[in-house]
Amino acid sequence: MAESLDFDIVGARSVIKEWRDSWYCYWDKSYGVPSDESNFVFRPPLEMSRCGVVRTKNDTWEESEVEENVAASISSVIDLLEIAKEGGTYADLIGRGDESAGRWMPIAIQWTDDDGDLTPDSFLKKLGAHQELKDCIHEWSFSDDVEDDDEDDEDDEEDDKLEFIKTHLKPFFAEHDSFIFFCCGDGKLNPVPCFAVAKLCSGLVAGFVGGVVYT
């Protein structure tokens, strides 16, 4: 299994690329890609691995053989997303009021005892997030996505966009007490980073990352 996970860094794509060169910064009043290098989303930028998993530049996945339990946990995240994609157009969309078509991507981060307990703050610190993001964290819960039975059918499309969360995320993370589910930077930038991750085994925090657009 470990042999099939190629963590060599390749060119960024999708929202991972957007957060480098085509995002919108609001906190500096530029409302575009900032020219000041002190304004960024993640530093160093998040990277894409050849196997399709988002990672940090500082992780050393490719330098040694990935332990079997770590590889199994990462593969389970990848497999979950692949299964979801078989569900159709909305299968892997983030939803939650997203005005774009933001989709979840797998992410795997090496986690050590020095990183402490898994919280939105510690996770964003590990990713090198800008302070503006760390100062604007909105934690989500699965109960946020429960629709009122009395609501009209006009919200059916938004309900469809939550299919991945309801059908796959909730049961997958149910047994992990360390699970965190949040966005950061709402009103500060676009796309807004979103995460659904947990400490799946010793040395590994993994799950899903994506970006949504709010105006």
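Scroll up to find the structure this text is about.
What you are looking at is a predicted structure, and each value in this text was computed from that prediction instead of being measured. Each chain carries its own residue numbering, running from 1 in the written order of its sequence. This being a predicted model, a pLDDT of at least 70 is required before a residue's local features are given, and a value of 80 or more before pairs of side-chain atoms are given or counted; all residues contribute to the totals for chains, interfaces and linings. Values reported for side chains reflect all heavy atoms of the structure, with hydrogen atoms and water molecules removed beforehand.

## So, the pattern of salt bridges
Turning to step 1, where the next piece is worked out: By definition, a salt bridge exists where a carboxyl oxygen of Asp or Glu is found within 4 Å of a side-chain nitrogen of Lys or Arg. Enumeration according to the criterion identifies six salt bridges in this entry.
Turning to step 2, where the next piece is worked out: One salt bridge in this structure joins arginine 20 and glutamate 47, with 2.8 Å as the shortest N-O distance. Linking arginine 20 in helix 1 (residues 14-21) with glutamate 47 in strand 3 (residues 47-49), this pair joins segments that are 27 residues apart in sequence.
Turning to step 3, where the next piece is worked out: Each residue is placed in one exposure class: buried if its accessible area under a 1.4 Å probe, protein chains only, is under 20% of its type's maximum, exposed if it is over 50%, and partly exposed if it falls in between. Relative accessible area serves as the criterion here: at 34%, arginine 20 is assigned to the partly exposed category.
Turning to step 4, where the next piece is worked out: A salt bridge links glutamate 132 to lysine 188; the nearest nitrogen and oxygen atoms lie 3.0 Å apart. You can see glutamate 132 sitting in helix 4 (residues 131-134) and its partner lysine 188 sitting in the loop between strand 7 (180-184) and strand 8 (189-190), a full 56 residues away along the chain.
Turning to step 5, where the next piece is worked out: Taking the relative accessible area as the measure of exposure, lysine 188 reaches 27% and is therefore partly exposed. The secondary structure listing takes helices from DSSP runs of H or I that are at least 4 residues long and strands from runs of E that are at least 2 residues long, numbered from the N terminus.

## Notes on empty space enclosed by the protein
Turning to step 1, where the next piece is worked out: A cavity here means a set of points on a 1 Å grid, drawn over the protein atoms and nothing else, where a 1.4 Å probe fits but cannot get out; a pocket is an open set with protein on both sides within 12 Å along at least five of seven lines, and a residue lines either one if it has an atom within 4 Å of a point. Grid points are joined across faces, edges and corners, and a volume is the space filled by probe spheres set on the points. One pass over the full model with this rule turns up one cavity of 30 Å³ or more.
Turning to step 2, where the next piece is worked out: Size it by volume and the largest cavity reaches roughly 30 Å³.
Turning to step 3, where the next piece is worked out: The wall of the largest cavity is formed by Ile16, Trp19, Arg20, Phe42, Pro45 and Leu46.
Turning to step 4, where the next piece is worked out: Along the lines of polarity and charge, the residues of the lining of the largest cavity split into five nonpolar, no polar and one charged. By the convention adopted, Pro, Cys, Tyr, Trp, Phe, Met, Ile, Leu, Val and Ala count as nonpolar, Lys, Arg, Asp and Glu as charged, and the other residues, Gly among them, as polar.

## Quick notes on the environment of aspartate 59
Turning to step 1, where the next piece is worked out: Counting through the fold element by element, aspartate 59 comes out in the loop between strand 4 (54-55) and helix 2 (68-85).
Turning to step 2, where the next piece is worked out: C-alpha of aspartate 59 to C-alpha of isoleucine 109: the two residues are 50 residues apart in sequence and 7.0 Å apart in space.
Turning to step 3, where the next piece is worked out: By definition, residues are in contact when any of their heavy atoms lie within 4.5 Å. Setting aside anything within four residues of it in sequence, one finds aspartate 59 in contact with Ala108, Ile109 and Gln110.
Turning to step 4, where the next piece is worked out: Side chain to side chain, aspartate 59 and threonine 56 meet in a polar contact 3.1 Å long. Whenever a nitrogen or oxygen atom comes within 3.5 Å of another N or O atom, the pair is scored as a polar contact, on the condition that within protein one atom can donate a hydrogen and the other can accept it, and that pairs from neighbouring residues in sequence are kept only if both atoms are in side chains.

## Observations concerning helix 6 (residues 163-173)
Turning to step 1, where the next piece is worked out: Along helix 6, the positions that sit buried rather than exposed are Phe164, Ile165, His168, Leu169, Phe172 and Phe173. With its buried residues spanning 125° around the axis, helix 6 presents them on a single face.
Turning to step 2, where the next piece is worked out: The inward-facing, buried residues of helix 6 abut helix 2, strand 7, strand 9 (192-201) and strand 10 (204-212). This arc corresponds to the set of directions leading from the helix axis out to the C-beta atoms.

## Here we look at the nonpolar core
Turning to step 1, where the next piece is worked out: Throughout, nonpolar core names a set of buried Ala, Val, Leu, Ile, Met, Phe, Trp, Tyr and Cys residues whose side chains join them through atoms within 4.5 Å. The biggest cluster of nonpolar side chains holds 37 residues, and the ones touching the most others in it are Ile74, Trp104, Leu169, Phe173, Phe181, Leu204 and Phe208.
Turning to step 2, where the next piece is worked out: Looking at this core, the elements with two or more residues in it are helix 2, helix 6, strand 7, strand 9 and strand 10.
Turning to step 3, where the next piece is worked out: With eight residues, helix 2 is the largest single contributor of residues to this core.
Turning to step 4, where the next piece is worked out: Counting residues in hydrophobic clusters, the runner-up holds 29 residues, among them Trp23, Val54, Phe123 and Ile180.

## Re the pairing of strand 7
Turning to step 1, where the next piece is worked out: Most of strand 7 is tucked away, with five of its five residues classed as buried.
Turning to step 2, where the next piece is worked out: Of the two faces of strand 7, both are covered, the one formed by Ile180, Phe182 and Cys184 as well as the one formed by Phe181 and Cys183.
Turning to step 3, where the next piece is worked out: At least two bridges found by DSSP between two strands are what make those strands a pair. Pairing of strand 6 (residues 137-139) with strand 7, which is carried by three bridges, proceeds in the antiparallel orientation. What sits directly across from histidine 138, in strand 7, is cysteine 183.
Turning to step 4, where the next piece is worked out: When strand 7 meets strand 9, the two strands line up antiparallel, connected through four bridges. In the sheet register, phenylalanine 181 faces strand 9, and the bridge partner there is alanine 196.

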